[in-house]
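# Structural overview for review
Each chain, written out:
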Amino acid sequence: MKTHQFFLPLLFITGFPAADSINPNETKPKKAKLPQIKKKNNVLLLKKSNFDRALKETKYLLVEFYVSLSRPSQNLSEEFAEAARQLKKEAPRIQFGKIDVTHQHDLRKEFNIREFPTVNLVESSRGDPIDCKGVRQASASITWVKRRTGPSTVLINSTDQAEAIINADDLAAIGFFKAIHENSKGWFCATARDVLEMPFRMTASQDIHANYGIQKNTLVVFKKGKPVHNEVLEDDRQNKLDLMRLIETFTLDLITEYNLETSVKIFGVPVEKHILLFTPANSETFNVIYENYKSAAVEFRGKIMFVLVDTNETRNRGFEYFRIREVDIPAMRILNLTSDAKYKMPADEVTVKNLKEFCQSYLNAKAKLHVSSEEIPEDWDKMPVKVLAGKNFNRIVFNKIMTVFVMFSKCYCGPWSYDCRKLLPIWDKLGDQHENHKDIIIAKTDVRANNILSIGLERYPFFRLFPAGPDYHEVAYAREHTLEAFSEFLEEQSKTKAEAGEKDPSGGIKEDLSQKKTVITEKEQL
């Protein structure tokens, strides 16, 4: 009892706060309120204020950057929502979100979004996003994100498993390996991630090898349950892009007819070399020509894509781009998509032998470039802006006496070329301003009708300055497309002599052309 009396005063001294330290108005600190994330149709509605929270709460975030009034964005949003619905229970670690870039400028800038709609896969670590390029259907989106966030291929160990995958889908690919090493597994899985149209499996089972008669490391493509292609694989030298080119060609027919429905797929397959047969499908010789074309295509699958253009189909305007006349039909052209260079088959008759020789000569870099040119208009030099064709381009541009400023467009009179039509009045005013300058020419040319092969393929319209002088130079214009900017650029360039290989502080890149071939066109008419 005495002990209790001893501690009682101590309790009063130490157990209660001092009176002057008590604040009757003091409240406990509130926890920071998390930014709200709304959800619509299983898709998170994201903005700058809640984006970080969304990343922290999910492992993988598939984000659609869209413009609300854009029809392509609206179409993708429907497919995007369907993919989110299907994966909701199956893969909860994957979340779908969308960002309206018309309001979220900071996020648009952070992720460098230039096209709409764009879909990126962003991990919680906020590392480099992966562009889900070209994927627009819900089923393809699901396959893509599964292969990016999980295994892109599965190991099979029995013939029953092999038969099941081969017969379950229209297309299937199986990699047969004697032993599965990290190197072979790495590039094979990387290929599988990017080819969404078919399932991929790999095996080292001797029983499966024996069942399909496979002795070497081989990729086999199956179509409708039957093997259609065997590709022997070399682990150390296997090229993923070459393998993708080959595999993706099987998602199309051996001969693909060009139309509005197939055009997206034709240009989506990573085969840059296309051969095109222009012929009417109702002609008497069509069946013979088509069979010859098909026979030659087998040998070049994965190297050159074989395309048929029915010239009777009014919606096919490809023959206009290639400047093929009715008297030229049937006609053959090879087009390299990366350079826009065109090649014409030297032989007139469409036989298997001629086709094979033409394709092989192109692959061996021995085919002759086919270069077209419009006729020079009679009044080409009567207006302030001069009109250049392939036949007078060299003579005017590389004249050594006068500086020439050229607008390159895809058919400057074409109704579909909005950007070009918008700039024509400005370009005409620039011509008016410099009409009386004896040392400057303002000109324009249509690159669709005239192959100007010394000029690199760019977004159209684009502009190049060719300064006067003994050495050939070209200066790329990289400023705004306004009359004031064009005029200022010309004034600055007139004061400075272009120097080969030097970066131009006034907004262009100077390139020395003295050691490169000048424009290749038909024989010029002087």
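This text gives an overview of the structure that appears in the document. (Residues numbered from 1 in each chain as written. Predicted model: local features only at pLDDT ≥ 70, side-chain atom pairs only at ≥ 80, totals over all residues. Heavy atoms only, no water.)

### What about helix 3 (residues 71–90)?
If you check helix 3, its first and last C-alpha atoms are 30 Å apart, about what 20 residues at 1.5 Å a residue would give, namely 28 Å. Of all the positions in helix 3, only Ser73, Leu76, Ser77, Phe80, Ala81, Ala83, Ala84 and Leu87 are classed as buried. Of the surrounding secondary structure, the elements contacted by the buried residues of helix 3 are strand 2 (43–45), strand 3 (60–66), strand 4 (94–100), strand 5 (118–123) and helix 5 (138–149). (Helix = DSSP H or I, 4+ residues; strand = E, 2+ residues; numbered from the N terminus. Expected span 1.5 Å × (residues − 1). Buried < 20%, exposed > 50% of the residue type's maximum accessible area, 1.4 Å probe, protein only. Contact = heavy atoms within 4.5 Å.)

### Digging into the packing of aromatic side chains
The final tally for this structure, using the stated rule, is 26 aromatic pairs. Between Tyr293 and Phe306 the ring centres are 5.0 Å apart and the planes differ by 55°, which places this aromatic pair in the tilted class. With Tyr293 in helix 11 (residues 286–299) and Phe306 in strand 14 (residues 305–310), this residue pair connects regions lying 13 residues apart in the sequence. Phe306 gets classed as buried once you look at its relative accessible area, which sits at 2%. Relative to Phe463, the ring of Phe405 lies with its centre 6.5 Å away and its plane at 55°, an arrangement referred to as tilted. With Phe405 in strand 18 (residues 403–409) and Phe463 in strand 20 (residues 462–466), the pair connects residues that are 58 residues apart, well separated along the chain. For the pair formed by Phe405 and Phe463, the shared burial category is buried. Within the aromatic cluster, the residues linked to one another by ring pairs are Phe405, Trp427, Phe463, Tyr477, Phe486 and Phe489. Lying over the aromatic face of Tyr66, Lys98 brings its terminal NZ or CZ to 4.7 Å of the ring centre. The residue whose ring lies beneath Arg301 is Phe250, and the NZ or CZ to ring-centre distance is 4.0 Å. (Phe/Tyr/Trp six-rings, centres within 6.5 Å; stacked < 30°, edge-to-face > 60°. Lys NZ or Arg CZ within 6 Å of the ring centre and 35° of its normal.)

### Things to note about the sheet that holds strand 12 (residues 255–257)
Overall, mixed pairing links the five strands, which are arranged 12-14-13-15-16 in an open sheet. The open sheet is flanked by strand 12 and strand 16 (341–344), the only strands paired with a single partner. Within this sheet the neighbouring strands show an average axis-to-axis angle of 30°, counted without direction. Pairing geometry for strand 13 (residues 273–279) and strand 14, over six bridges, is parallel. Bridge assignment links Phe278 to a residue of strand 14, and that residue is Val309. Set on the sheet, helix 13 (residues 352–363) makes contact with strand 13, strand 14, strand 15 (331–336) and strand 16; between it and strand 15 the angle comes to about 20°. (Pairing = 2+ DSSP bridges. Axes fitted to C-alpha atoms, helices over the stretch in contact; angles between N-to-C directions.)

### So, the pattern of salt bridges
Inspection of the entire model under this criterion finds 12 salt bridges. Between Lys146 and Glu90 there is a salt bridge whose closest N-O contact spans 2.5 Å. Highlighted residues: Lys146 in helix 5 and Glu90 in helix 3, separated in sequence by 56 residues. Its relative accessible area of 35% is what places Lys146 among the partly exposed residues. Across the pair Arg464 and Glu474 runs a salt bridge whose closest N-O atoms are separated by 1.8 Å. Of this pair, Arg464 sits in strand 20 while Glu474 sits in strand 21 (residues 473–476); the two residues are 10 residues apart in sequence, bridging distant segments of the chain. (Salt bridge = Lys/Arg side-chain N within 4 Å of Asp/Glu carboxyl O.)

### Concerning the sheet that holds strand 6 (residues 130–131)
The strand order 1-2-4-3-5-6 describes an open sheet built from six strands, whose pairing is mixed. Each end of this open sheet is capped by a strand with a single partner; those strands are strand 1 (38–40) and strand 6. By the bridge criterion, seven bridges tie strand 3 to strand 4 in an arrangement that is parallel. Bridging across to strand 4, Val63 finds its partner in Gly97. Packing of helix 2 (residues 48–56) onto the sheet brings it into contact with strand 2, strand 3, strand 4 and strand 5, and relative to strand 3 it is tilted by some 150°. Its contacts with the sheet place helix 3 against strand 2, strand 3, strand 4 and strand 5, and it is angled at close to 165° to strand 3.

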